[in-house]
Amino acid sequence: MYKDRDAALVNDCKRGDRRAMSQLVSQYQRPVFNAAYRILGNMDDAADTTQIVFLKVFEHIADYDSKFKFFSWVYRIAINESLNQIKKRRKQEPLADSQASPWRGPDEEFDAARLSSRVQGALMLLSDDYRTVVVLKHISGCSYQQISEILQVPEKTVKSRLYSARQLMKKSLLNDGNQDKGGGPP
Amino acid sequence: MSEHKHIDQHAEDLLNGGVDGVLSVAEQDELNSLLAGSAQLRDLNEELKTFTGLLDGLQEVEPPPYLQESIERQIRLPVHRNQHEEKQGFFGTWLPAHWLRTGFALAAGAVLTVSIYEMGSGPMTAEDASNLVGTVIKSQAAEQGELLDSIHIFTNTLTGRVELRKKDDLFTLDVQLNSDGPTQVVVNFAGRGLEFESITRTQDQKDIVSIVDGSVNVASSGEKHYTLNLRRTTNSEGREIAPLELEFFANNALVHEAKLSVSQ
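This one's a predicted model, so the numbers in the text were calculated from it and none came from an experiment.

How would you summarise the overall build of chain A if you had to cite specific residues and measurements?
Counting its secondary structure elements, chain A contains eight helices and zero strands. For chain A, buried positions account for 50% of its 186 residues. For chain A, the exposed area adds up to about 9100 Å²; of that, 48% sits on carbon and sulfur atoms.

I'd like a description of the confidence of the model for chain A, backed by residues and values.
Residues and elements named next belong to chain A. When pLDDT is averaged across chain A, the result is 83; 80% of the residues are at 70 or more. The weakest mean pLDDT in chain A belongs to helix α8 (residues 155–183) at 80; the strongest belongs to helix α6 (residues 128–139) at 95. Across residues 95–109 the pLDDT falls below 50, and counting only partners more than four positions away or on other chains, this stretch makes 23 contacts in the model. Confidence drops under pLDDT 50 across residues 181–186; counting only partners more than four residues distant or on other chains, this segment forms one contact.

Run through the interface of chain A and chain B, naming residues and quoting values.
Between chain A and chain B, the contact holds 45 residues from the first and 43 residues from the second. Area buried by chain A at its contact with chain B is led by Arg30, Gln51 and Lys170 of chain A, which between them contribute 16% of it. Counting every contact that joins chain A to chain B gives seven salt bridges. Here arginine 30 of chain A makes a salt bridge to glutamate 60 of chain B, at a shortest N to O gap of 2.8 Å. Applying the counting rule to chain A against chain B returns 19 residue pairs in polar contact (both at pLDDT 80 or more). If you tally residues by element for the side of chain A that touches chain B, the top one is helix α2 (residues 18–40) of chain A, at 11 residues. Here the side of chain A that touches chain B is composed, by residue class, of 21 nonpolar, 10 polar and 14 charged.

Requested: an account of the nonpolar core, with residues and values cited.
Core analysis: the biggest nonpolar cluster contains 62 residues, and Val57, Phe58, Phe70 and Met169 of chain A together with Ile75 of chain B have the highest contact counts within it. The element contributing the most residues to this core is α2 of chain A, with 12 residues. Not counting residues up to four positions away in its chain, the partners in contact with phenylalanine 70 of chain A are Asp6, Val10, Leu24, Tyr28, Val57, Ile61 and Tyr64 of chain A. One finds Leu148, Ile153, Phe171 and Val175 of chain B within the second-largest nonpolar core, a separate group that totals 31 residues.

Give me the pairing of strand β4 (residues 194–200) of chain B: which residues, what numbers.
Residue and element names in this part refer to chain B. Of all seven residues in β4, six are buried; the element is thus mostly enclosed. As paired strands, β4 and strand β6 (residues 215–232) are joined by six bridges and run antiparallel to one another. Bridge pairing in β6 places isoleucine 199 opposite leucine 228.

Describe in detail the packing of aromatic side chains, supporting the description with residues and values.
Inspection of the entire model under this criterion finds six aromatic pairs over all chains. Connected via pairs of aromatic rings, a cluster forms that spans Tyr28, Tyr64, Phe70 and Trp73 of chain A.

How would you explain helix α3 (residues 43–59) of chain A if you had to name every residue and give the values?
The end-to-end C-alpha distance of α3 of chain A, which contains 17 residues, comes to 24 Å, matching closely the 24 Å that a straight helix rising 1.5 Å per residue would cover. Taken together, the buried positions of α3 of chain A are Ala46, Ala47, Thr49, Thr50, Gln51, Ile52, Val53, Phe54, Leu55, Val57 and Phe58 of chain A.

Lay out the environment of arginine 166 of chain A in plain terms, naming residues and giving numbers.
Mapped onto the secondary structure, arginine 166 of chain A falls in helix α8. Residues arginine 166 of chain A and valine 134 of chain A lie 32 residues apart in sequence; the distance between their C-alpha atoms is 7.8 Å. When sequence neighbours within four positions are dropped, the list of residues in contact with arginine 166 of chain A reads Lys137 and His138 of chain A together with Asn16, Asp20, Leu48, Phe51 and Thr52 of chain B.

Go over the pattern of salt bridges with me, naming the residues and quoting the values.
Residues and elements named next belong to chain B. Enumeration over the complete set of coordinates arrives at 18 salt bridges over all chains. Here glutamate 163 ties to arginine 165 by a salt bridge, and the two come within 3.2 Å at their closest N and O atoms. A residue is classified by how much of its surface remains accessible, and arginine 165, at 22% relative accessible area, is partly exposed.

Reading guide: rules and limits
Residues numbered from 1 in each chain as written. Chains lettered and ligands numbered in written order. Predicted model: local features only at pLDDT ≥ 70, side-chain atom pairs only at ≥ 80, totals over all residues. Heavy atoms only, no water. Helix = DSSP H or I, 4+ residues; strand = E, 2+ residues; numbered from the N terminus. Buried < 20%, exposed > 50% of the residue type's maximum accessible area, 1.4 Å probe, protein only. Areas by Shrake-Rupley, 256 points an atom, 1.4 Å probe, with all protein chains shown as cover. pLDDT = per-residue confidence, 0-100. Contact = heavy atoms within 4.5 Å. Buried area = accessible area lost by both parts, 1.4 Å probe. Salt bridge = Lys/Arg side-chain N within 4 Å of Asp/Glu carboxyl O. Polar contact = N/O pair within 3.5 Å; in protein donor to acceptor, adjacent residues only side chain to side chain. Nonpolar A, V, L, I, M, F, W, Y, C, P; charged D, E, K, R; others polar. Core = buried A, V, L, I, M, F, W, Y, C linked by side-chain atoms within 4.5 Å. Pairing = 2+ DSSP bridges. Phe/Tyr/Trp six-rings, centres within 6.5 Å; stacked < 30°, edge-to-face > 60°. Expected span 1.5 Å × (residues − 1).

So, in structure tokens, the structure goes:
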């Protein structure tokens with residue numbers, strides 16, 4: 001995350017430079033896609049959300065205030081848009097929540113990734129607030145302070161949500177593991 | 001991972017801070033001393049490390065290969081105009097800008113009217129014809145209004161978005177599409193207490209607009225931005241309106257279907 005470089009590219013974008021826009025998209029599409037994927041639990045939804053995020057970013061690029069970090073702004077839009085998608089999905093398909101637990105992803109094709117799939121499943125069981133903090137910390141690699149900037153909540157709240165979310169996920173994985181031992185194949 | 005007896009909040013904060021590597025030297029010393037004195041805390045610390053390791057170890061997923069190109073294709077940046085381009089030409093100096101705009105708008109309106117007149121020989125019912133209230137450019141107020149819903153279309157042959165806005169009893173569909181081939185959008189508003197009001201901004205003679213059996217059908221190609229206006233009929237006031245159904249065709253194939261919620 002290069003603040004000065006980003007600021008220069010954003011200025012070039014404001015002047016209509018498409019190469020600068022391309023560089024910013026190239027730099028941030030992967031982290032935005034990954035954050036959206038871990039929040040939404042679905043590749044197609046994450047791809048759609050990523051596109052919407054960048055359309056919004058460049059639609060409002062003239063309003064962007066360079067006093068703030070560009071990546072924080074992009075992540076804030078990404079998180080809000082992911083949560084909007086979840087709300088929209090819940091509105092359209094009220095039963096979608098129950099589908100969150102048996103998460104299906106490309107990882108499942110490999111035994112080595114079965115654990116990763118279970119972790120994603122536990123992530124999907126968290127509330128939106130908790131899941132967002134876990135994703136920003138462990139997927140996006142943001143610090144407490146950066147998460148606080150992105151979500152616009154105090155650092156204390158970030159810590160409290162993160163610690164609680166980890167506890168809940170641990171419990172969920174523990175239950176999952178016990179169920180596997182009890183009823184699943186060896 | 002096992003269950004543990006209650007650990008006090010301060011110790012838990014230190015454990016989490018330690019795992020995240022954010023403790024000060026004094027806090028780290030305090031944690032070390034707590035760990036030295038409690039087997040339960042040591043177990044919990046190991047569990048937390050293992051668990052956060054799992055989270056940190058979640059593999060990054062590759063975005064679809066088309067994603068970057070698709071995003072870039074849809075982004076419109078501000079057009080940078082140099083001093084030479086900003087010079088007004090003869091007509092620009094002579095006529096105020098809004099006169100020119102009005103002229104273009106009237107020309108576009110005439111084209112649309114002709115298109116709809118030609119389409120009139122098709123399967124239009126009397127009721128449909130009565131819904132053709134206005135086809136000429138409407139005021140810019142139609143572009144404002146409360147955002148009710150929006151959709152984005154990302155397919156190999158067609159990309160774009162549609163926003164549904166409401167102002168008083170006017171519902172506005174702001175449509176932006178981009179396609180290499182012919183496209184067609186069908187908006188079904190039958191039985192919803194709405195009537196077709198107008199369409200704006202299509203200025204291409206090849207665009208065809210038709211209103212058949214309670215649906216608006218717009219055929220175009222290339223990059224398009226237009227606005228469809230539907231007005232609530234007086235006898236439907238206070239009634240719940242079912243979502244509008246939209247179908248998108250590209251190269252004569254249905255590529256996307258969507259619903260736009262009329263109530264927030």
